[in-house]
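One letter stands for each residue in the lines below.
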Number of protein chains: 2
Amino acid sequence: MTETISDPIDTKQGLVTKQSLLDAAEALIAERGVAGASLRAITTRAGTNLAAANYHFGSKQALARAVIARHLQPINSERLRLLDEAEAASGDAGPSLETLVGIFVGPVVRFGRELPDGGRHFAQICGRAMTQPDPMLRESLLGELAEAIRRFRAAFSRALPELSPEELLWRIQFMVGTMAHTIAGSQMIEAVHGDELDTRDLDSLVDRLVRFLCGGLSAPMEVSQS
Amino acid sequence: MTETISDPIDTKQGLVTKQSLLDAAEALIAERGVAGASLRAITTRAGTNLAAANYHFGSKQALARAVIARHLQPINSERLRLLDEAEAASGDAGPSLETLVGIFVGPVVRFGRELPDGGRHFAQICGRAMTQPDPMLRESLLGELAEAIRRFRAAFSRALPELSPEELLWRIQFMVGTMAHTIAGSQMIEAVHGDELDTRDLDSLVDRLVRFLCGGLSAPMEVSQS
DNA sequence: GTCTATATGGGGATAGAC
DNA sequence: GTCTATCCCCATATAGAC
C-alpha cells in the first residue's frame with residue numbers, strides 16, 4: 001500500500017492537474033471570455049495555483065489554445081473521417097448536399113454530449129473564437145479548421161456545380177457563421193423570446209440547422225418571382 | 001474675435017471631446033475587444049485623458065455601450081421605417097420574403113458607407129456583441145434589437161405561413177447569426193482562402209446574403225429526395 | 001510536480017487644482 | 001470641461017524552497 005504520490009513510473013498526478021486546469025479554464029473562459037478569465041480564478045477553481053498553470057502550459061495564451069484544441073481536434077478528425085466514408089460510398093456522383101452539411105454540422109453540435117456539461121462551455125468558446133480579437137487564438141483555431149474547409153469546399157463544389165467558385169466560398173462562409181453563432185449560445189433567443197425555444201434538444205437543432213443551411217447553400221442565383 | 005473657448009451658449013468643446021472618445025473607443029474596441037482596449041489607450045488616442053472619459057461617460061462599460069448605441073439606433077430606426085413602408089405598400093398579402101430579408105440585412109451591412117472607415121469597426125463590434133461575455137453589453141445590444149426582432153417575426157410569419165412558430169424562431173436566429181458573423185469580419189475567408197474574395201464590395205455582399213438567407217428561411221421541412 | 005512569496009506592470013476610477 | 005497626480009486593486013509570470 002505504498003502511496004506513491006509522485007511515482008516516476010507514471011505522471012498520473014501531473015495529468016490530473018493538467019486536466020483540472022483545462023476543465024476550469026474551459027468553464028471560466030466560456031463564462032467571462034479569455035481576457036476576463038484570470039489565471040488566478042482558473043487555478044483557484046482547479047484547486048491549484050498560478051505556478052502550476054505556468055509549469056504545465058507556459059502561459060495563459062497557451063492554456064487557452066489547449067482548451068480549444070483538446071476538443072476541436074477530435075471533432076475535425078471525425079468530420080474528415082465521415083467525409084471519407086461518404087465519398088467512398090457515393091461513387092462518382094459524390095455525396096449529396098444534405099449528407100455533406102450533416103457531416104459538417106453534426107460533429108460540432110453533437111460532440112459534447114458525453115461531456116459533463118453537455119459540451120456547452122466548449123461550444124460557446126469555439127463559436128466565439130473565430131471572431132476573437134486575439135489574433136493568436138484565431139489563427140490557432142483557423143489552423144485546425146483549414147484542412148477541413150478545403151476538403152469540404154471541393155466536396156460542396158461537386159454537389160453544387162451551378163455555383164461559381166466565388167459564390168460557393170461565400171456560402172461556405174455563411175454556413176460557418178450560422179454554425180458558429182448557433183453554438184456560441186443563443187443568448188438572443190433566450191433574451192428576446194423567453195423560454196419559447198428548447199435549446200437543449202441537440203438532435204432536432206441539428207435537423208433544423210441542416211434544413212436551413214441546405215436551403216441557403218442551394219438557393220438559386222436569380223431571385224424567384226413567385 | 002473673442003475666442004470663446006468654453007462659451008456657455010453651447011458646449012461645443014465638450015461635444016468634440018465626446019465624439020473623439022467615441023471614435024477612439026470604436027477603433028480600439030474593434031481591434032482589441034472590449035476587455036483589451038484600456039481606457040488609457042482610448043483616451044490617449046482621443047487626445048485626452050482618463051478623467052475626461054469618466055466625466056463624459058461615467059465608466060468604461062458605459063462608454064462601450066455608447067459606442068454600440070451611437071450607430072445601432074439609427075440602423076434600427078431605418079429598418080423599422082423601411083418595414084413600415086413595405087407593409088403599407090404591399091397590402092394584405094404583406095411584403096415578400098426577399099423584401100423582408102433585404103430590409104433586415106441591408107441597413108446593417110450598408111450603413112457604414114459614409115463613415116470614415118466604411119463602418120468596418122462598428123460592424124465588427126456589433127457582430128461580436130451578441131456573443132460577448134459581458135452580460136451588460138449583450139443586454140444593451142439586445143434591448144436595442146428586441147423591438148425589431150418582434151416586428152420582423154410577425155412579418156416573416158406572414159411571408160412563411162407554412163412554418164411552425166418554433167421553426168420560424170429558429171430560422172430567424174440562424175439569420176441573425178449569419179449576419180452577425182458576416183459583419184464581424186471574415187477573418188476566416190482571408191485566412192483560409194487568401195485574397196480570393198473581395199470583402200469590400202458591400203452591394204454584392206448584400207445580394208449574396210439575401211439569396212442565401214431567403215433559401216434558408218424558405219427551405220422545405222422535408223428533405224428533398226432529388 | 002507543487003507550492004509560497006514576490007517581481008513588475010497595468011488596470012479603472014477619483015480628488016482637487018485650474 | 002479639462003488636466004495631473006494618485007489611490008488601490010488585479011493581472012501574468014517567475015524564483016526558489018520543498
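On a predicted model such as this, the values are computed, not experimentally measured, just so you know.

A.B. asks: Which residues make up the protein's contact with DNA strand D, and what are the values?
C.D. replies: In the vicinity of DNA strand D lie 16 residues, with A:Arg40, B:Thr11, B:Thr17, B:Tyr55 and B:His56 positioned nearest. Counting only the atoms of DNA strand D within 4 Å of the protein, the fraction contributed by sugar and phosphate is 51%. Contacts to DNA strand D include B:Tyr55, whose side-chain N or O atom sits 2.6 Å from a phosphate oxygen. Residue B:His56 places a side-chain N or O atom 2.6 Å away from a phosphate oxygen belonging to DNA strand D. Those elements that provide at least two residues to the surface near DNA strand D are helix H2 (39-46) and helix H3 (50-57) of chain A together with helix H1 (12-36) and helix H3 (50-57) of chain B. Split into classes, the residues belonging to the surface near DNA strand D amount to 5 nonpolar, 9 polar and 2 charged.

A.B. asks: With reference to specific residues and values, describe the relation of the copies chain A and chain B.
C.D. replies: For these two chains of identical sequence, chain A goes onto chain B by a turn of 180 degrees and a shift of 0.0 Å along the axis, with RMSD 0.1 Å. The two molecules are tied by a two-fold rotation axis, judged by turn and shift. Taken together, the interface assignments show that 100% of the residues at the interface of chain A recur at the interface of chain B, consistent with an identical surface on both copies.

A.B. asks: Residues and numbers for the packing of helix H5 (residues 97-110) of chain A against helix H7 (residues 135-159) of chain A, please.
C.D. replies: Residues and elements named next belong to chain A. Two numbers describe how H5 lies on H7: the axes approach to 9 Å, and their chain directions differ by 160 degrees. The angle between H5 and H7 places the two elements in the roughly antiparallel class. Note on packing geometry: the crossing formed by H5 with H7 is left-handed. Contacts between H5 and H7 involve Leu 97, Leu 100, Val 101, Ile 103 and Phe 104 from the former and Phe 152, Ala 155, Phe 156 and Ala 159 from the latter.

A.B. asks: Pulling in residues and values, what's your account of the domain arrangement of chain A?
C.D. replies: When the parts of a complex come together, some accessible area is lost, and that lost area is often taken as the interface size. Residues and elements named next belong to chain A. When cut into domains, chain A gives domain 1 (12-58) and domain 2 (68-217). The interface of domain 1 with domain 2 comprises 9 residues on the first partner and 10 residues on the second. Of the roughly 760 Å² buried where domain 1 meets domain 2, counting both sides, 53% is carbon and sulfur surface. When the buried area of domain 1 at its contact with domain 2 is split by residue, Glu 26, Ala 30 and Val 34 rank highest and sum to 66% of it. For the pair domain 1 and domain 2, the interface holds 2 salt bridges. One salt bridge in this structure joins Arg 70 and Asp 23, with 3.1 Å as the shortest N-O distance. The interface formed by domain 1 and domain 2 holds 6 residue pairs in polar contact (both at pLDDT 80 or more) in total. Its residues assigned to classes, the side of domain 1 that touches domain 2 comprises 5 nonpolar, 2 polar and 2 charged.

A.B. asks: Go over the interface of chain A and chain B, please, and point to the residues and values.
C.D. replies: If you look at the interface, chain A gives 55 residues, while chain B gives 55 residues. Taking both sides of the interface into account, the surface hidden between chain A and chain B amounts to around 5400 Å²; carbon and sulfur atoms contribute 68%. Counting across the interface, chain A meets chain B through 6 salt bridges. In this structure, A:Glu166 and B:Arg208 form a salt bridge, with 3.4 Å as the shortest nitrogen-oxygen distance. Residue assignment for the side of chain A that touches chain B shows that the elements contributing at least two residues are helix H1 (12-36), H7, helix H8 (165-183), helix H9 (187-193) and helix H10 (202-217) of chain A. In terms of residue count, H8(A) provides more of the side of chain A that touches chain B than any other element does, 14 residues in total. Grouping the constituent residues of the side of chain A that touches chain B by class yields 27 nonpolar, 15 polar and 13 charged.

A.B. asks: I'd love a proper account of the nonpolar core, names of residues and values included.
C.D. replies: Among the nonpolar cores identified, the biggest contains 139 residues, and A:Val101, A:Phe156, B:Val101 and B:Phe156 are the most heavily contacted of them. Beyond its immediate chain neighbours, meaning those up to four positions away, A:Val101 contacts A:Gly106, A:Phe156, A:Val210, A:Leu213, A:Cys214 and A:Leu217.

A.B. asks: Any details on the pattern of salt bridges? Residues and values, ideally.
C.D. replies: Within the structure shown, the criterion is met by 24 salt bridges over all chains. Taking the shortest distance from any N to any O, the salt bridge between B:Asp203 and B:Arg110 comes out at 3.0 Å. Taken together, the residues B:Asp203 in helix H10 (residues 202-217) and B:Arg110 in helix H5 (residues 97-110) connect sequence positions 93 residues apart. Residue classification places B:Asp203 among the partly exposed residues on the basis of a relative accessible area of 37%. Residue classification places B:Arg110 among the partly exposed positions, given a relative accessible area of 32%. A single salt-bridge network, built from bridges that share partners, covers A:Glu166, A:Glu167, A:Arg171, B:Arg208 and B:Arg211.

A.B. asks: I'd like to hear about the protein's contact with DNA strand C, residue by residue, with values.
C.D. replies: Around DNA strand C lies a shell of 16 residues, among which A:Thr11, A:Thr17, A:His56, B:Leu39 and B:Arg40 are the nearest. In DNA strand C, atoms within 4 Å of the protein come from the sugar-phosphate backbone in 50% of cases. Between DNA strand C and A:Thr17 there is a distance of 2.6 Å, counted from a phosphate oxygen to a side-chain nitrogen or oxygen. Here a phosphate oxygen of DNA strand C and a side-chain polar atom of B:Ser38 are 3.1 Å apart. Among the residues making up the surface near DNA strand C, the classes are represented as 5 nonpolar, 9 polar and 2 charged.

Calculation rules
- In this convention, every chain numbers its residues from 1, walking through the sequence in written order.
- Each chain gets a letter, beginning with A, and each ligand a number, beginning with 1, in the order they are written.
- Under the rules for a predicted model, residues below a pLDDT of 70 receive no local features and side-chain atom pairs below 80 are neither given nor counted, while totals for whole chains, interfaces and linings still include all residues.
- Excluding hydrogens and water, the side-chain values take into account all heavy atoms of the structure.
- Throughout, the term near means that a residue has one or more heavy atoms lying within 4 Å of the molecule or strand in question.
- We define a polar contact as two N or O atoms separated by no more than 3.5 Å, with the added condition that, inside protein, one atom must be a possible hydrogen donor and the other a possible acceptor, whereas residues neighbouring each other in sequence contribute only through side-chain atom pairs.
- In DSSP terms, a helix is any run of H or I states spanning at least four residues, a strand is any run of E spanning at least two, and both are numbered starting from the N terminus.
- All residues other than Ala, Val, Leu, Ile, Met, Phe, Trp, Tyr, Cys, Pro, Asp, Glu, Lys and Arg, Gly among them, are scored as polar; the first ten of these are nonpolar and the last four charged.
- When the copies are superposed, the least-squares fit takes in the C-alpha atoms of residues with a pLDDT of at least 70 in both.
- Only heavy atoms matter for contacts: two residues are in contact if any of them lie within 4.5 Å across the pair.
- Under this scheme, a helix contributes an axis fitted over its contacting stretch, all axes are lines through C-alpha atoms, and angles between N-to-C directions fall in the 0 to 180 degree range.
- Each angle receives one of four descriptions, namely roughly parallel if under 35 degrees, roughly antiparallel if over 145, roughly perpendicular if within 65 to 115, and oblique otherwise.
- Left-handed describes a crossing whose near helix is turned anticlockwise from the far helix by less than a right angle; the clockwise case is right-handed.
- Domain ranges listed in this record stem from an automatic or a database domain assignment.
- Buried area: the accessible area, evaluated with a 1.4 Å probe, that two parts lose upon being put together, summed over both parts.
- A pair is scored as a salt bridge if a Lys or Arg side-chain nitrogen falls within 4 Å of a carboxyl oxygen belonging to Asp or Glu.
- Each nonpolar core is a collection of buried residues, namely Ala, Val, Leu, Ile, Met, Phe, Trp, Tyr and Cys, held together in the definition by side-chain atoms within 4.5 Å.
- When accessible area is computed with a 1.4 Å probe and restricted to protein chains, residues below 20% of their type maximum are described as buried, those above 50% as exposed, and intermediate ones as partly exposed.

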